[in-house]
Amino acid sequence: MNVHPKYPIWLPVFLRKGWSLGRKINKVVPELLTEEQMKQLDGVEGHTTFGQCVTLFYLAYTSAKIPGRIVEIGSFKGKSTCWMAKAMQLAHSNEKIVAIDPHINTRQIGVVPAYKEESSFDIFLSNLRNAGVIEYVEPIKMASVDAAKSWNQPIKLLFVDGSHVYDDVMLDLETWEPWVDTGGIIVMHDTKPTGPRIEVRQAMVDYIVRSGRFTNLLQLKNMACFTKNV
Ligand SMILES: C[S@@+](CC[C@H](N)C(=O)[O-])C[C@H]1O[C@@H](n2cnc3c(N)ncnc32)[C@H](O)[C@@H]1O
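It should be emphasised that the depicted structure is a prediction, and the values quoted were computed from it without experimental measurement. (Residues numbered from 1 in each chain as written. Predicted model: local features only at pLDDT ≥ 70, side-chain atom pairs only at ≥ 80, totals over all residues. Heavy atoms only, no water.)

Looking only at helices and strands, one finds 9 helices and 7 strands in the protein. The burial tally for the protein puts 51% of its 230 residues in the buried class. A sequence separation of at least 24 residues applies to 78% of the contacts in the protein between residues at least 6 apart. On the protein, roughly 10900 Å² of surface is accessible, and the fraction owed to carbon and sulfur atoms is 57%. (Helix = DSSP H or I, 4+ residues; strand = E, 2+ residues; numbered from the N terminus. Buried < 20%, exposed > 50% of the residue type's maximum accessible area, 1.4 Å probe, protein only. Contact = heavy atoms within 4.5 Å. Areas by Shrake-Rupley, 256 points an atom, 1.4 Å probe, with all protein chains shown as cover.)

Printed below as a string of structure tokens:
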């Protein structure tokens, strides 16, 4: 991992942005989803919190009419996927979320918490079915770097939550970010500045923040959203 002593990984000013969007999300999402629907979606096993999922839902919903694809790197059992796919359904969209994950249990400590199944794929599909959103999802059962080899479509919303190893996150950004349209959004999960997943934040600082090409849209405790300017 490439450490830059001059650049603190903790950027407090940078983190303070996005309150007005946060307030908007809190107002709009309960108008779109019933408490029952929110409970059901929140009941899907996963590594994203309620607040993070609500944010992803809002971003997917508000981008539904914009051309381009929504791509998720790292679906696991489909929690974040279900929330974004529900947004597509409620927006009467004709498009599908592209959900990339090899669904192989690598048991790599620090990459994804241990789980007992050999693959998350069957549970992922069954969670999508139970949420009634399977037709809004296009699963790609591959590692992101392999899926990128044949990718050729513009992206309006990219959610990065695959491998949490610094070099892998950098590779995800290097291979997928060029497909994100100007004005498109990149969301990165596990960006908090402490703890075992610090490598994600370092990659975010190195690739996104230092480039000067992105505007900070919203920062949650452990998820960061940016708009691409150029
Ligand atoms: C933290 S989990 C994703 C959590 C999910 N977004 C949720 O809402 O619960 C990380 C996932 O990334 C997947 N993954 C790991 N390396 C990957 C890669 N190179 N490309 C795509 N997915 C990868 C793992 O299989 C795992 O399911």
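Taken as a whole, the second largest pocket encloses approximately 190 Å³ of empty space. Around the second largest pocket sit 14 residues that line it, and Gly22, Ile25, Asn26, Val54 and Thr55 are the ones nearest its centre. Secondary-structure elements contributing two or more residues to the lining of the second largest pocket are α2 (19-32) and α4 (50-62). Per-element tally for the lining of the second largest pocket: the top contributor is α2, with 7 residues. In terms of residue class, the lining of the second largest pocket is built from 9 nonpolar, 4 polar and 1 charged. (1 Å grid on protein atoms, 1.4 Å probe; cavity = no way out; pocket = protein on both sides within 12 Å on 5 of 7 lines; lining within 4 Å. Points joined across faces, edges and corners; volume = space filled by probe spheres on them. Nonpolar A, V, L, I, M, F, W, Y, C, P; charged D, E, K, R; others polar.)

With that out of the way, let us pick up unusual backbone geometry. The phi angle of most residues is negative, glycine excepted, and most peptide bonds adopt the trans form. The phi dihedral of Phe76 is positive, around 55°, even though this residue is not glycine. Along the chain, Phe76 falls in the loop between β1 (69-73) and α5 (79-90). Looking at Phe76, the relative accessible area reads 10%, which means it is buried. For Asp190, which is not glycine, the phi torsion reads 65° and is therefore positive.

Let's shift gears to the site of the ligand. His47, Thr48, Asp101, Ser144 and Asp161 are the nearest of the 20 residues found near the ligand. Between Phe76 and the ligand, the recorded distance is 3.4 Å, taken from a backbone N or O atom to an oxygen atom. Here a nitrogen atom of the ligand and a side-chain polar atom of Asp161 are 2.8 Å apart. Protein chains shield 92% of the accessible area of the ligand, which is 600 Å² for the free molecule. Along the lines of polarity and charge, the residues of the shell around the ligand split into 7 nonpolar, 10 polar and 3 charged. (Near = heavy atom within 4 Å. Polar contact = N/O pair within 3.5 Å; in protein donor to acceptor, adjacent residues only side chain to side chain.)

This part covers the pairing of β1. Across the 5 residues that make up β1, a large majority, 5, are buried. In this structure, β1 lies alongside strand β4 (residues 155-160), joined through 5 bridges in parallel fashion. Bridge pairing links Val71 to Leu158 in β4. Pairing analysis gives 4 bridges linking β1 to strand β2 (residues 97-100), with the strands arranged parallel. Note that in β2 the partner of Val71 across the bridge is Val98. The parallel pair β1 and β2 is bridged by α5, and the resulting crossover is right-handed. (Pairing = 2+ DSSP bridges. Right-handed = clockwise from strand over helix to strand, strands pointing away.)

Moving on, we come to the pattern of salt bridges. Opposite charge on two side chains allows them to pair when their charged atoms are near. Overall, the coordinates contain 11 salt bridges when judged by the stated rule. In this structure, Glu45 engages Lys77 in a salt bridge whose closest nitrogen and oxygen atoms are separated by 3.1 Å. Highlighted residues: Glu45 in the loop between α3 (35-42) and α4 and Lys77 in the loop between β1 and α5, separated in sequence by 32 residues. Overall, Lys77 belongs to the buried group, its relative accessible area being 3%. Lys156 is the partner of Glu95 in a salt bridge, and the nearest nitrogen-oxygen pair spans 2.7 Å. With Glu95 in the loop between α5 and β2 and Lys156 in strand β4, this residue pair connects regions lying 61 residues apart in the sequence. Taken together, the shared-partner salt bridges connect Glu45, Lys77, Lys116 and Glu117 into one network. (Salt bridge = Lys/Arg side-chain N within 4 Å of Asp/Glu carboxyl O.)

In this structure, Trp83, Met84, Leu157 and Val187 are the most contacted members of the largest nonpolar core, which totals 40 residues. Considering every element that reaches this core, the biggest residue donor is α4, with 7 residues. Those residues in contact with Val187 that lie beyond four places of it in its chain are Leu56, Leu59, Leu157, Leu158, Phe159, Val160, Met223, Ala224 and Cys225. Formed by 28 residues, the second largest nonpolar core is a distinct cluster that contains Trp151, Val160, Val169 and Met170. (Core = buried A, V, L, I, M, F, W, Y, C linked by side-chain atoms within 4.5 Å.)

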